[in-house]
Structure formats: structure tokens, C-alpha cells
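Geometric and topological summary
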Amino acid sequence: MKILFASDIHGSASAAERVLARFEAEGCDRLILLGDLLYHGPRNDLPDQYAPKEVIRLLNGFRVTPLCVRGNCDAEVDQMVLSFPIRADSMLLPLENGRCAFITHGHLFNAECPPPHQPGDVLIHGHTHVHGVWHQADFTCLNPGSAALPKEGQPKSYMVYQDGVFTIRHLETGDGLMSWKAE
């Protein structure tokens, strides 16, 4: 199974379009969204092509139903307009190697405030708008970055998981930015 992870679309129609196009180009089976889908938030500038209603149309009409966790900018009213659940704060994803990935937005659980886990587990979150791989004492933290509003001079990005390898990719070009193999 090939999974595409994207985070922090923040109402950008162009970011949503690119994420869905990358999903198709990559030949993915599942789409996991890490929250902050429709609203840009009070601390962020407006993203390019800010059009939450268009993002709703794109995500609701996509041929694969996204799996999604709630971000700090997602509201109860967002669930009223989206046709897939977005109200859970986290989900678990079993990995091939017997480990588990804890998937969340990042405002509640993150590298500094980890969720309950077993040694070797993986924490996947967005929220910071900074992509990366961080090795902690007994778990690894992965962040695909932001599809709409990256920070620290990074490009817009997403992440793909296949055959035990997580690869963070440039949203515009699809080029690999960094990879990590869950061993």
C-alpha cells in the first residue's frame, strides 16, 4: 500500500489541487490529511488561491475518501461541509515491521509532548509547517511540512509511505527532499 500524507492546506485551492494531483501521479492508495484544511488561522498570512469552498469541493469530490485528523484551525462547522470525518485528534496506523504510527496534527502531541507509544514507534504530525525527520530517545518523529504555507524557507511539501520508507517530497516538482526507512 502506498500512502500520501499532507498537512496544513489552510484553504488554499492550489495546494489542494497539487496534493490531489501528486496522489494520482504517485499512484497512491490512501490519502491521510493531518489537519488545518479550510481556515488559514489568525497567525498565518492568506495562502495563494485562498478559497475554502473550492477546497471543500475538491476534497469531497475526490475519488478516494481521505482519512483525516483535526488540526487546531479546524472547527466543528468544518465537519458540516466535509463528507469525511475530521473530528478525531489522532489515529493509529500499523506499519509492516510491527511498529505503529501515531498520526495527529501536532498541536496536542509532538516531539516535546509525545503520545503513549512503544519503543520504535513513529509519530507523524504537521502543525509546524516545517518538514523533517527527528529521532527521539525511543521513537521517530516525521513531519511532511505544509502544502500551502511552509516556514523556515522550505518548499511546499508532502510525504509518501511505501514499503517501510517515508519520503518527504517537493509539492511542485515531486522531487525527494529526504527519506527515512522504518527498521
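In case you missed it, the structure is sitting above this.
Residues numbered from 1 in each chain as written. Predicted model: local features only at pLDDT ≥ 70, side-chain atom pairs only at ≥ 80, totals over all residues. Heavy atoms only, no water.

1. A closer look at the environment of threonine 167
Put simply, the rule is: Labels follow the DSSP assignment, with helices taken as runs of H or I lasting at least four residues and strands as runs of E lasting at least two, numbered in each case from the N terminus. Only protein chains enter the accessibility calculation, which uses a 1.4 Å probe; a residue is then buried when its area is under 20% of its type maximum, exposed when over 50%, and partly exposed in between. Should any heavy atoms of two residues lie within 4.5 Å, those residues are considered in contact. The term polar contact refers here to a pair of N or O atoms within 3.5 Å; inside protein, the definition further demands a hydrogen-donor-capable atom paired with an acceptor-capable atom, and it admits residues adjacent in sequence only when both atoms are side-chain atoms.
With respect to the element layout, threonine 167 can be found in strand 10 (residues 165-170). The exposure class of threonine 167 is buried, given its relative accessible area of 12%. Sequence separation between threonine 167 and lysine 181 is 14 residues; the distance between their C-alpha atoms is 8.6 Å. Those residues within four positions of threonine 167 in sequence are excluded, and the remaining contacts are Tyr158, Met159, Val160, Gly176, Met178 and Ser179. A polar atom in the side chain of threonine 167 sits 3.0 Å from the side chain of serine 179.

2. A closer look at the layout of surface pockets
Rules: Think of a 1 Å grid over just the protein atoms. A cavity is a set of points where a 1.4 Å probe fits yet cannot get out, a pocket is an open set with protein on both sides within 12 Å along at least five of seven lines, and lining residues have an atom within 4 Å of a point. Grid points are joined across faces, edges and corners, and a volume is the space filled by probe spheres set on the points. Throughout, the ten residues Ala, Val, Leu, Ile, Met, Phe, Trp, Tyr, Cys and Pro are labelled nonpolar, Asp, Glu, Lys and Arg are labelled charged, and all others, Gly among them, are labelled polar.
Roughly 150 Å³ of internal volume is contained in the largest pocket. In terms of lining residues, the largest pocket is bounded by 13 residues, among which Arg43, Asn44, Asn72, His127 and Lys151 are the most central. Considered class by class, the residues forming the lining of the largest pocket number two nonpolar, seven polar and four charged.

3. Quick notes on the sheet that holds strand 10
Threshold: Following DSSP output, two strands are said to pair if at least two bridges run between them.
Spatially, six strands are ordered 3-2-1-9-10-11 in an open sheet, and the strand pairing comes out mixed. Here the strands that pair on one side only, and so sit at the sheet edges, are strand 3 (67-68) and strand 11 (176-181). Note that strand 2 (residues 30-33) and strand 3 share two bridges and pair parallel. Bridging across to strand 3, leucine 33 finds its partner in cysteine 68.

4. Focus: the sheet that holds strand 4 (residues 90-94)
The criterion, for reference: Throughout, an axis means a line fitted to C-alpha atoms (over the contacting stretch in the case of helices), and angles, computed between N-to-C directions, take values from 0 to 180 degrees.
The mixed open sheet is built from five strands, whose spatial order is 4-5-6-8-7. Two strands close off the open sheet at either side, each with one partner strand: strand 4 and strand 7 (132-135). Averaged over neighbouring strand pairs, the angle between their axes works out to 20° when direction is ignored. Inspection of the sheet shows strand 6 (residues 121-124) paired to strand 8 (residues 139-143) by four bridges, in the parallel sense. Bridge pairing in strand 8 links leucine 123 to cysteine 141.

5. What about the pattern of salt bridges?
This is how the line gets drawn: Salt bridges are defined by distance alone: a side-chain nitrogen of Lys or Arg within 4 Å of a carboxyl oxygen of Asp or Glu.
One pass over the structure, following the stated rule, counts eight salt bridges. Between arginine 18 and glutamate 172 there is a salt bridge, with the nearest N and O atoms lying 3.1 Å from each other. Separated by 154 residues along the polypeptide, arginine 18 in helix 1 (residues 13-26) and glutamate 172 in the loop between strand 10 and strand 11 bring together distant segments of the chain. Measuring nitrogen to oxygen at the nearest pair gives 2.6 Å for the salt bridge that ties arginine 57 to glutamate 54. One end of the pair is arginine 57 and the other is glutamate 54, both in helix 2 (residues 52-61) and three residues apart, which spans about a single turn. Judged by its relative accessible area of 52%, arginine 57 falls in the exposed class. Among the residues examined, glutamate 54 registers a relative accessible area of 24% and is labelled partly exposed.

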